[in-house]
Amino acid sequence: MTFLTFSSALSAACALAVPITLYGATAQAPPSSAPAPVEATSTPASDAIEVARTALNSGEPSAAKHVALATAYSRRARETAGPEWYDRSDEELVKALELAPDDFAALRMQIWNQLGRHEFQDAYTAALALNLRAKDDVLTYGLIVDAAMELGRYEEAENAAQWMLNLRPGTPIAMTRVSYLREQFGDIRGSIEAMLAAFHSTRPSDAEDAAWILTHLAHLELERGDTKAAKDYAGSALILFPDYHYALGVMGDIFEAEGDHESARTRLAKRYEVASHPENLYRLAVATEAAGATEEAETMFAEFEKAALAESENVDNANLELVEYWTDHVGSPEAIARALELVSKRARRRSDVPTLSALAWSQHRAGDSKVAWDTISKALAVGSVNARLRFRAGEIALAAGHPERAEEQYQIAMQTAPRSRFGREALEAIKRLPARSSAE
Amino acid sequence: MGAWTASASNHREAPITALDHKADITDLYAFVSYDSQQVAGETPEKVTMILNVDPFLEPANGPTLFPFDPAILYEIKIDNDHDAIADVVFQFRFTTEYRIPDLYTAVAGIGANGAANPTTGAAVVPPQITSFQSAGLNLRQSYTVDMLDVATGNVTPITGGSGAPFYACPANVGPRTMNYESLFQEATYTANGGISVFAGTVDDPFYIDLGAAFDTANFRTLRSGIPGVLTSFEDVVVNQNLAPDMVSGFAVNSIAIEVPIAMLTSTGMVMAPTSPEATIGVWGTTSRQRMTVRSAPNPAVNSGAWSQIQRVGNPLINELIIGIGNKDRFSMDEPLNDMQFAGYFLDPPIVGVVEALYGGALAVPAAPRTDLLPLVTYAPPIAAAGTPSGPVADLLRLNTGVSATPPAQQKRMAVLAGDNAGFPNGRRPIDDVTDIALRVVVGGVLAAPFSGYNADVNGRLGDGVMWNQGGYRSQFPYMQSCPSGRNRRHLDPGEVGAGVRD
């Protein structure tokens, strides 16, 4: 599970709540009135599992009781990054549907699990069908948004998100999706604003939901190069939910951006310990290499490659990381060819920005920069101002013979995150651009 | 056993409007205008459109009465080229003023001279309210009317000849405080372009045995011995109810506008009924602005684009046809997008419910219900043959070429009774849309013949409420006066004039 996969696990759990103190977009410690940290043995999802099991074991069984347990299991999947919890969830949903074959909540939960397992096309189709049954159900629109975003259907995602707001303005489940869409459309400030609105509406007792939102705020601040603010948010998330794998990952990214590779390694190692997925091992390997432990990093890369290849055909995979590894780390013509083949296969199913970006980069690395420029132009048309995307677009444009376009892209990368690695590299790239003649 | 219906008028039919009373549209009417001098076959000249909002106003309630909401944009929309997109829009906005801020009530008045302090002789209570300038009319609402030509974007203000504002008629508090009738007359304005406008609190013209309807169709058993089925004799009763009109004695806020037909058709002319251009589609909407900032103790501030809260076309779609899990989306979406609800139109779940309630004794037509398509497309018998059907859309379709029926000859069952100037060809206040909906949607009278169809059962479904207890005016704005708050009466089951109590 990559962080930027907008898991639908946020949906049903979030509820409007008494507003809680914002920890701050400036460098402030969390106030003393902050919610108590979650004990390692008790999490919102594990507590919900216990309650749901107790309910199931008392009184008559019902579809609703099985759905409640299924929901708790799915939430646990997000807490732990453990996909086995989706299997347990699905078992409960089967029981629910045996009791009530048309149960709306059970069918909706199945779609949630499909999203969690990255079965995006199936989830999208199912969510559209479910939406026809109840066009006022805001959660179903949320599932449509999530699936559509992963598939690159941004217009459909936006339309569904707008209906969430039309029907029930300001709910956290809507505002988080608004935030994500705004980020994709290049409005980082608006994205932060929406995510803050979601945070203010989240119950203090929903510690994992709040930690998720804070982690995403950290990511957004990192996107625009404010590592201080990002660290505050990520730190707050870890206070709320210790060893939260998403927050550990973002914290690792923050330290890397600051050049503190050892600290990055520590956080990413812990993240890998909690959530031992190949993509997390890849990030750890990158940080390890940056910290100078080359031999150790190479061992990790090898292990990553093996694990990633083993799950490459699964819908939930580390293919984007594998592609990046082959194009940027290995870099041999054979590796680049493999990368291109793998990402092209993915691009036949999905046209989201990360996929298009990876495809374009592979095409560029394979020497076909003109085709790469056409590909990345599709990604750029969505609007994201992500510094890495824009820097890559600049490199591709330059290689494709469009120095003016290259400069435009470098400028955007710099404007988005001037102090970030890609912002700095963009500045250096601009300096290297051939001077334009006065006739231009 | 019992026949099923829900209120075929939209009184609180969607979750969102159950929480936003002021934006709740109860009824939309659209018909070729008539008056007491109407002659059969007379060439149509004008169309009246009435948008009623804010249901079940209790006339005795106070002290602030029932103003229109200044934060709502009320609109009546007309499609005249059969694409389910508005071509002409009438927009109504209200402004409230409190003329005596220290007075505790919205209205006060007594006699010709008012009442004075017995000791000092200082005036305390104003004289009876007889006009919009009367001192005792504390809460006074004015409103603007604009006509929008969607294609050009031109907005034409509708104004009275004198330039004075249009005032909304307040509720009828009682005979001491006001002369409601004089206010009602004054509130009926003749504006530029041959247009007439009215807004105010009036008697709710809708009629139905509402309690029976929502007690899972627990309709009264009348002379047929079958609940919800009328005898042939009962079916032609006029000006009498065989069951309680549970809307009796309640008021509603009404916006009425009468417009020359030439302003509404795509040709700019009155067209023959056989011409496709004669048929227009009408619907009403209420909208609020997207942003509300509340910062007590200051009033809330609204800003931003308008966001639709509710819409009404036909009198039965959202109420009777659309499932409750879809009502809000239906209310907020455009008619153009109604294909998403086509499943409901072609196979209304209510039909199965009634079939179950009757235990199979009532034969119902099978899906797909193509006989219902004229309600949601431009098609005969409303539109002329050859009219483009347009997209599936809930619009109240009115053939403006069909002459109005003189009041004395109007039949509550309208088209089903051979009176082609009524529902579903537009809708007049007198039309018994409850019984029409029962017979058309559930009884399948337009789908007949089919196996088991019985004209004396399927064609006689009804709630026993045949007319509005308060009656109607026979000229613009057609709405009856608001019941007196002091002396109003709600007719209950078993009371005289309210039919049986079983």
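Described in the following lines is the structure provided in the data block. Here the structure is a predicted model, which means the values were calculated and not measured. (Residues numbered from 1 in each chain as written. Chains lettered and ligands numbered in written order. Predicted model: local features only at pLDDT ≥ 70, side-chain atom pairs only at ≥ 80, totals over all residues. Heavy atoms only, no water.)

1. Looking at the overall build of chain A
Short version of the rule: Each helix is a run of H or I in the DSSP string that is no shorter than four residues. Each strand is a run of E no shorter than two, and both are numbered from the N terminus. Any residue under 20% of the maximum accessible area for its type is buried, any over 50% is exposed, and the rest in between are partly exposed; the area is computed with a 1.4 Å probe on protein chains only. Only heavy atoms matter for contacts: two residues are in contact if any of them lie within 4.5 Å across the pair. What sets the accessible areas is the Shrake-Rupley method with a 1.4 Å probe; for residues, cover comes only from the shown protein chains.
When its secondary structure is counted, chain A shows 22 helices and zero strands. Taken across its 440 residues, chain A has 56% of its residues classed as buried. Summarising the internal contacts of chain A: among those between residues at least 6 apart in sequence, 60% fall at separations of at least 24. For chain A, the computed accessible surface area is about 18000 Å², with 52% contributed by carbon and sulfur atoms.

2. Some remarks on the pairing of strand 12 (residues 251–260) of chain B
Residue and element names in this part refer to chain B. The following threshold applies: Two strands qualify as a pair provided that DSSP identifies no fewer than 2 bridges between them.
Along strand 12, ten of the ten residues are buried, which leaves the element largely enclosed by surrounding structure. Here strand 12 shows no split at all, with A251, N253, I255, I257 and V259 on one side and V252, S254, A256, E258 and P260 on the other all buried. Here strand 11 (residues 196–203) pairs with strand 12 via eight bridges, running antiparallel. Looking across to strand 12, one finds that A199 is bridged to I255.

3. Some remarks on the packing of helix 4 (residues 104–116) of chain A against helix 5 (residues 120–133) of chain A
All names here are of chain A. For clarity, the threshold we go by: A fitted line through C-alpha atoms represents every axis, and for helices the fit uses only the stretch in contact; the resulting angles, taken between N-to-C directions, go from 0 to 180 degrees. What sets the label is the angle itself: under 35 degrees gives roughly parallel, over 145 gives roughly antiparallel, 65 to 115 gives roughly perpendicular, and the rest give oblique. By the definition used in this description, the sense in which the near helix is turned from the far one sets the handedness, with an anticlockwise turn below a right angle giving left-handed and a clockwise turn giving right-handed.
Interaxial distance between helix 4 and helix 5 falls to 8 Å at its minimum, and their mutual angle equals 155 degrees. Taken together, helix 4 and helix 5 sit at an angle that is classed as roughly antiparallel. Considering how the two elements wind past one another, helix 4 and helix 5 form a crossing that is left-handed. Where helix 4 abuts helix 5, its residues F104, L107, R108, I111, Q114 and L115 lie against F120, D122, A123, A126, A127, L130 and R133.

4. Details of the pattern of salt bridges
Quick note on the threshold: Basic side-chain nitrogens of Lys or Arg form a salt bridge, by our definition, when they fall within 4 Å of a carboxyl oxygen of Asp or Glu.
Counted under the stated rule, the structure contains 51 salt bridges over all chains. Here R78(A) and D209(A) are joined by a salt bridge, their closest N and O atoms 3.0 Å apart. With a gap of 131 residues between them, R78(A) in helix 2 (residues 63–80) and D209(A) in helix 10 (residues 207–223) connect regions that are remote in the sequence. Given the relative accessible area of 1%, R78(A) is considered buried. Here D209(A) falls in the buried class, since its relative accessible area comes to 0%. Two residues, D432(B) and R412(B), come together in a salt bridge whose shortest N-O distance is 2.7 Å. One end of the pair, D432(B), is in the loop between strand 15 (396–399) and helix 10 (433–442); the other, R412(B), is in the loop between strand 15 and helix 10, with 20 residues separating them in the sequence. Residue D432(B) shares its accessibility class with R412(B), and that shared class is buried. One connected set of salt bridges, linked through shared partners, spans D235(B), R412(B), D432(B), D435(B), R439(B), D456(B) and R460(B).

5. Observations concerning the sheet that holds strand 2 (residues 46–57) of chain B
All names here are of chain B. The five strands are arranged 1-2-12-11-10 in an open sheet whose pairing can be described as antiparallel. The open sheet has two edge strands, strand 1 (25–32) and strand 10 (189–190), and neither has a second partner. For strand 2 and strand 12, the ladder comprises nine bridges, and the chain directions are antiparallel. Residue pairing for strand 12: V53 is matched across the bridge by N253.

6. So, the packing of aromatic side chains
The line we're drawing: Pairing of aromatic side chains requires ring centres within 6.5 Å, counting the rings of Phe and Tyr and the six-membered ring of Trp. Pairs whose planes differ by under 30 degrees are stacked, by over 60 edge-to-face, and all others tilted.
Scanning the entire structure with this criterion turns up 26 aromatic pairs over all chains. Each ring, one from Y282(A) and one from Y325(A), has its centre 6.4 Å from the other, and the planes form 80 degrees; the classification is edge-to-face. One end of the pair, Y282(A), is in helix 14 (residues 278–290); the other, Y325(A), is in helix 16 (residues 319–330), and 43 residues separate them in sequence. In terms of burial, Y282(A) and Y325(A) fall into one category: buried. Relative to F166(B), the ring of Y143(B) has its centre 5.5 Å away and its plane inclined at 35 degrees; by these criteria the two rings are tilted.

7. Focus: the interface of chain A and chain B
Definition in use: Here the buried area means the combined drop in accessible surface, using a 1.4 Å probe, for two parts upon being joined, counting both sides.
The partner chain B presents 13 residues to the 13 residues of chain A that form the contact. For the pairing of chain A and chain B, the buried interface totals around 950 Å² over both sides, and the portion due to carbon and sulfur atoms is 45%. Ranking the residues of chain A by area buried against chain B places K135(A), D136(A) and W163(A) at the top, with a combined share of 55%. Where chain A touches chain B, the interface holds one salt bridge.

8. Here we look at helix 8 (residues 349–357) of chain B
Residues and elements named next belong to chain B. In plain terms, the rule: This arc is built from the directions going out from the helix axis to the C-beta atoms.
By the burial criterion, the buried members of helix 8 are I350, V351 and V354. Angularly, the buried residues of helix 8 cover 105 degrees about the axis, an arc narrow enough to put them on a single face. Positive backbone phi, approximately 65 degrees, marks G359, located one or two places after helix 8.

9. Examining helix 6 (residues 138–151) of chain A
Residues and elements named next belong to chain A. Heads up, the rule is: In a helix, the anticipated span is given by 1.5 Å times the number of residues less one.
Spanning 14 residues, helix 6 covers 20 Å between terminal C-alpha atoms, matching the ideal 20 Å at 1.5 Å per step. Here helix 6 lies mainly inside the structure; 14 of its 14 residues are buried. Two residues or fewer after helix 6 comes G152, characterised by a positive phi angle close to 85 degrees.

10. Considerations on empty space enclosed by the protein
Residue and element names in this part refer to chain B. Heads up, the rule is: A cavity here means a set of 1 Å grid points, computed over protein atoms only, where a 1.4 Å probe fits but cannot escape. A pocket is an open set with protein on both sides within 12 Å along at least 5 of 7 lines, and lining residues have an atom within 4 Å of a point. Grid points are joined across faces, edges and corners, and a volume is the space filled by probe spheres set on the points. Any residue that is not Ala, Val, Leu, Ile, Met, Phe, Trp, Tyr, Cys, Pro, Asp, Glu, Lys or Arg is counted as polar, Gly included; the first ten are nonpolar and the last four charged.
A full pass over the atoms with the stated rule returns five cavities of 30 Å³ or more. By volume, the largest cavity amounts to about 110 Å³. For the lining of the largest cavity, the element with the highest residue contribution is strand 7 (residues 139–149), accounting for three residues. Of the residues contributing to the lining of the largest cavity, the split by class is ten nonpolar, two polar and one charged.

11. Some words on the nonpolar core
The criterion, for reference: Residues belong to a common nonpolar core when they are buried Ala, Val, Leu, Ile, Met, Phe, Trp, Tyr or Cys residues joined through side-chain atoms within 4.5 Å.
Counting residues in hydrophobic clusters, the biggest one holds 180 residues, and the most contacted among them are M49(B), F90(B), F92(B), Y143(B) and I257(B). Top contributing element to this core by residue count: helix 6 of chain A, with ten residues. In this structure, A218(A), Y282(A), Y325(A) and A335(A) belong to the second largest nonpolar core, which totals 57 residues.

12. Concerning the packing of helix 19 (residues 369–382) of chain A against helix 20 (residues 387–399) of chain A
Residues and elements named next belong to chain A. Two elements in contact, helix 19 and helix 20, have axes separated by 9 Å at closest approach and are oriented at 145 degrees. In this structure, the crossing between helix 19 and helix 20 has a hand that is left-handed. Touching S369, A372, W373, I376, A379 and L380 of helix 19 are L389, R390, R392, A393, I396, A397 and A399, all from helix 20. Residue classes in the contact of helix 19 with helix 20 are distributed as ten nonpolar, one polar and two charged.

13. A look at the state of the cysteines
Residue and element names in this part refer to chain B. Operational definition: Criterion for a disulfide: a pair of cysteine sulfur atoms within 2.5 Å.
Across all of its chains, the model carries zero disulfides over all chains by this definition. Summary of cysteine pairing: C482 is not part of a disulfide, and the nearest cysteine sulfur, belonging to C169, is at 8.0 Å. Residue C482 is classed as buried on the basis of its relative accessible area, which comes to 3%.

14. Description of the pairing of strand 8 (residues 155–158) of chain B
Residues in a regular strand project their side chains so that they alternate between the two faces of the sheet. Residues and elements named next belong to chain B. Bridge analysis of strand 7 against strand 8 gives four bridges, and the strand direction is antiparallel. Paired with D146 across the bridge in strand 8 is P157. Between strand 7 and strand 8, which follow one another and run antiparallel, lie five residues, and G153 among them has a positive phi close to 80 degrees.

15. Quick word on unusual backbone geometry
A cis amide bond links G62(B) with the next residue in sequence, P63(B), at an omega value of 5 degrees. Within the fold, P63(B) resides in the loop between strand 2 and strand 3 (72–79). The omega angle of the peptide bond from A367(B) to P368(B) is 0 degrees, so this bond is cis rather than trans. Relative to the elements of secondary structure, P368(B) occurs in the loop between helix 8 and helix 9 (373–376). We note that D243(A) has phi near 60 degrees; this positive angle belongs to a residue other than glycine. Mapped onto the fold, D243(A) is located in the loop between helix 11 (227–240) and helix 12 (245–257). Although it is not a glycine, A217(B) sits at a positive phi angle of roughly 60 degrees. Exposure remark for A217(B): the relative accessible area of 1% places this residue in the buried category.

16. Notes on the side chain of R427(B)
Residues and elements named next belong to chain B. Rules: Any pair of N or O atoms that falls within 3.5 Å is considered a polar contact. Within protein, one atom must be able to donate a hydrogen and the other to accept it, and sequence-neighbouring residues count only if both atoms are side-chain atoms.
Within the secondary structure, R427 is located in the loop between strand 15 and helix 10. Assessed through its relative accessible area of 1%, R427 is described here as buried. A polar side-chain atom of R427 sits 2.7 Å from a polar atom in the side chain of D27.

17. Concerning the environment of T265(B)
All names here are of chain B. For T265, the position within the fold is in the loop between strand 12 and strand 13 (279–293). For T265, a relative accessible area of 6% puts it in the buried group. T265 has contacts with N80, E277 and T400, leaving out every residue within four places of it along the chain. From its side chain, T265 meets the backbone oxygen of M269 in a polar contact 2.7 Å long.

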